[in-house]
Amino acid sequence: MQISATRLLVNLSGSSILAAMKILGIETSCDETGVALYDTGRGLLGQALYSQVDLHATYGGVVPELASRDHVRRLLPLVQEVLDAADVSTDQLDGVAYTAGPGLAGALLVGAGTARALAYGWGVPALAVHHMEGHLLAPLLEEGGPDFPFVALLVSGGHTMLLEARSLGDYRLLGESVDDAAGEAFDKAAKMMGLGYPGGPRIAALAEQGDPARFRFPRPMTDRPGLDFSFSGLKTFCMNTLRDCADADGVVSDGDKADVARAFEEAVVDTLLIKCRRAMDETGLDTLVMAGGVSANRRLRAKLADSLGKRGVRVHYPRPEYCTDNGAMIAFAGALRLAAGAPADLAIQVRPRWPLSELAPPA
Ligand code: KG4
Ligand code: ZN
């Protein structure tokens with residue numbers, strides 16, 4: 001198990017890991033409370049996730065204060081649950097990793113404060129993990145996962161980025177969204193169609209019944225050089241198309257919505273594909289890693305794997321539960337950093353805004 005991850009840990013430590021380490025991972029950056037336990041020798045020992053989707057659904061999006069309060073309620077019971085299920089006692093732990101940013105300030109503080117207090121009480125280091133580095137490394141949790149260097153497409157609710165990942169912590173930004181993130185565009189388009197929150201999976205499900213030939217949405221910023229993205233125009237296009245479909249009472253039929261959902265999804269997927277192709281050409285690398293909530297999208301996974309595969313590019317993506325927010329990716333990122341000698345300070349600090357390119361290799 002964990003072939004690639006173990007190889008990476010072996011490389012990082014210079015020879016081999018003499019004593020395996022157990023790291024508890026805590027994720028609370030948004031609306032998911034995630035806890036996991038990662039063992040550098042044995043892989044993932046357990047994980048638990050509590051999704052606040054129902055809590056926020058009434059409001060059509062995440063309410064930050066409610067998110068923070070719910071993390072307070074869920075976090076410690078989840079930690080207990082993971083340790084009990086894995087039959088690991090607290091004195092066997094070697095560190096606690098937590099998401100320090102980017103994300104919602106209050107939500108991050110719950111995870112940071114709890115993780116640091118636990119680590120202090122247990123006498124082990126606490127490690128601040130960058131949420132997007134967690135996403136980026138998640139595909140390495142899978143058996144046969146990729147090795148550095150690779151190109152990473154990170155597509156989540158808050159970010160859309162293409163990076164050249166050279167080694168742990170050495171990430172060069174190739175391009176990013178100048179406005180909405182891909183996941184945000186999915187969420188906003190879904191809201192317009194009355195599909196509720198979170199929008200990505202609902203648009204994807206509806207698109208299955210849609211006619212791909214009926215509407216053609218633009219592929220933004222693909223007609224000019226560069227690797228940046230823009231998704232806010234697609235939202236407007238979506239709104240106008242829905243308005244054209246509406247009857248005299250403003251009602252859009254389910255069939256029309258499905259066709260719009262399909263056209264919207266195709267446009268996002270094609271745009272991401274075109275930019276990924278360009279990134280592979282520009283870097284000359286042969287491996288693409290896709291991660292973040294939107295990478296759970298089946299059409300995106302299939303189209304990238306098929307199209308880039310024909311050009312000799314290996315495409316890696318994690319299983320769906322590691323695409324969206326989870327504790328496993330944070331435990332894993334913390335484990336890699338601790339194994340590589342990352343220092344652990346005592347400050348309880350979060351960074352709601354934190355460019356991934358500011359990270360440095362742990363040594
Ligand atoms: O990574 P993530 O769980 O949280 C953030 O860090 O933002 O990503 C959540 C985003 C949401 O915008 C959600 O609509 C989108 O990922 N998403 C999807 C799919 N599943 C989740 N978008 C398109 N297709 C999906 N199947
Ligand atoms: Zn995320």
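Residues numbered from 1 in each chain as written. Chains lettered and ligands numbered in written order. Predicted model: local features only at pLDDT ≥ 70, side-chain atom pairs only at ≥ 80, totals over all residues. Heavy atoms only, no water.

Asker: Just checking my understanding: could you explain the overall build of the protein for this structure?
Answerer: Helix and strand content of the protein: twelve helices and ten strands. Taken over C-alpha atoms, the radius of gyration comes to 21 Å for the protein, in line with the 21 Å a tight globule of 363 residues would show. Dimensions along the principal axes, computed over C-alpha positions, put the protein at roughly 65 × 45 × 30 Å. Looking at the protein residue by residue over its 363 residues, the buried ones come to 55%. Summed over all atoms, the accessible surface of the protein reaches about 14,900 Å², with 51% contributed by carbon and sulfur. Averaging the positions of the 34 positive and the 44 negative side-chain charges in the protein gives two centres separated by 4 Å. (Helix = DSSP H or I, 4+ residues; strand = E, 2+ residues; numbered from the N terminus. Rg over C-alpha atoms; globule rule 2.2 N^0.38 Å. Buried < 20%, exposed > 50% of the residue type's maximum accessible area, 1.4 Å probe, protein only. Areas by Shrake-Rupley, 256 points an atom, 1.4 Å probe, with all protein chains shown as cover. Lys, Arg positive; Asp, Glu negative; His and termini not counted. Charge placed at Lys NZ, Arg CZ, Asp CG, Glu CD.)

Asker: How should I be thinking about the sheet that holds strand β4 (residues 95–101) in this particular structure?
Answerer: Backbone-to-backbone hydrogen bonds join strands into a sheet, with any given pair of strands oriented parallel or antiparallel. Ordered by their spatial adjacency, five strands build an open sheet running β3-β2-β1-β4-β5, and the pairing between neighbours is mixed. Looking at the sheet topology across the chains shown, the edges are occupied by β3 (43–51) and β5 (126–130). The sheet shows a mean angle of 20 degrees between the axes of neighbouring strands, taken without regard to direction. Across five bridges, β4 lies against β5 in parallel orientation. In the sheet register, A97 faces β5, and the bridge partner there is L127. Relative to the sheet, helix α3 (residues 64–86) contacts β1 (22–27), β2 (32–39) and β3, its axis offset from that of β2 by approximately 25 degrees. The sheet strands contacting helix α12 (residues 327–339) are β1, β2, β3, β4 and β5, and the helix crosses β1 at an angle near 135 degrees. (Pairing = 2+ DSSP bridges. Axes fitted to C-alpha atoms, helices over the stretch in contact; angles between N-to-C directions. Contact = heavy atoms within 4.5 Å.)

Asker: Please explain the coordination of the zinc ion (ligand 2) as it appears in this structure.
Answerer: Ideal donor angles around a metal are set by the shape: a four-donor tetrahedron calls for 109.5 degrees, a six-donor octahedron for 90 or 180 degrees. The zinc ion (ligand 2) binds to the protein through H131 (NE2), H135 (NE2) and D325 (OD); the donor distances cover 2.0 to 2.1 Å. All donor residues of the zinc ion (ligand 2) come from one chain, and their arrangement in sequence is H-x3-H-x189-D. Note that H131 is positioned in helix α5 (residues 131–137) and D325 in the loop between α11 (320–323) and α12, a separation of 194 residues in sequence. On the basis of relative accessibility, which here comes to 13%, the residue D325 falls in the buried class. (Donors = N, O, S within 2.8 Å, 3.2 Å for Na, K, Ca; no water.)

Asker: What's the story with the packing of aromatic side chains in this structure? I'm lost.
Answerer: Ring pairs (aromatic) are described by centroid distance and by the angle formed between their planes. In this structure the tally under the stated criterion is five aromatic pairs. Taken together, a centroid distance of 5.9 Å and an interplanar angle of 15 degrees make the contact between F229 and F231 stacked. Judged by its relative accessible area of 0%, F231 falls in the buried class. Of note, R74 hangs over the ring of Y50, and the distance from its end group to the ring centre comes to 4.0 Å. (Phe/Tyr/Trp six-rings, centres within 6.5 Å; stacked < 30°, edge-to-face > 60°. Lys NZ or Arg CZ within 6 Å of the ring centre and 35° of its normal.)

Asker: I'm lost on the packing of helix α6 (residues 182–192) against helix α8 (residues 232–245) in this one. Help?
Answerer: For any two helices packed against each other, one specifies the inter-axial angle together with the distance between the axes. Between α6 and α8, whose axes approach to 10 Å, the crossing angle comes to 15 degrees. In this view, α6 runs roughly parallel relative to α8, as classed from their interaxial angle. Crossing handedness for the pair α6 and α8: right-handed. Here K188, A189 and M192 of α6 lie close against α8, whose contacting residues are K235, C238, M239 and L242. By residue class, the composition of the contact of α6 with α8 is five nonpolar, no polar and two charged. (Parallel < 35°, antiparallel > 145°, perpendicular 65-115°, else oblique. Left-handed = near helix turned anticlockwise from the far one by under 90°. Nonpolar A, V, L, I, M, F, W, Y, C, P; charged D, E, K, R; others polar.)

Asker: Quick question: what am I supposed to make of the confidence of the model for the protein here?
Answerer: Across the protein, pLDDT averages 93, with 94% of residues at or above 70. For residues 13–17, every residue scores under 50 in pLDDT, and the model assigns this stretch four contacts once sequence neighbours within four places are set aside. (pLDDT = per-residue confidence, 0-100.)

Asker: When you look at the site of ligand 1 in this model, what are you seeing that I'm missing?
Answerer: In the vicinity of ligand 1 there are 19 residues, among which G157, D187, G200, G293 and D325 approach most closely. Between ligand 1 and H131 there is a distance of 3.1 Å, counted from an oxygen atom to a side-chain nitrogen or oxygen. Note that an oxygen atom of ligand 1 is positioned 3.0 Å from one of the backbone N or O atoms of D325. Starting from 560 Å² of accessible surface for ligand 1 in isolation, the protein chains cover 87%. In terms of residue class, the shell around ligand 1 is made up of five nonpolar, twelve polar and two charged. (Near = heavy atom within 4 Å. Polar contact = N/O pair within 3.5 Å; in protein donor to acceptor, adjacent residues only side chain to side chain.)

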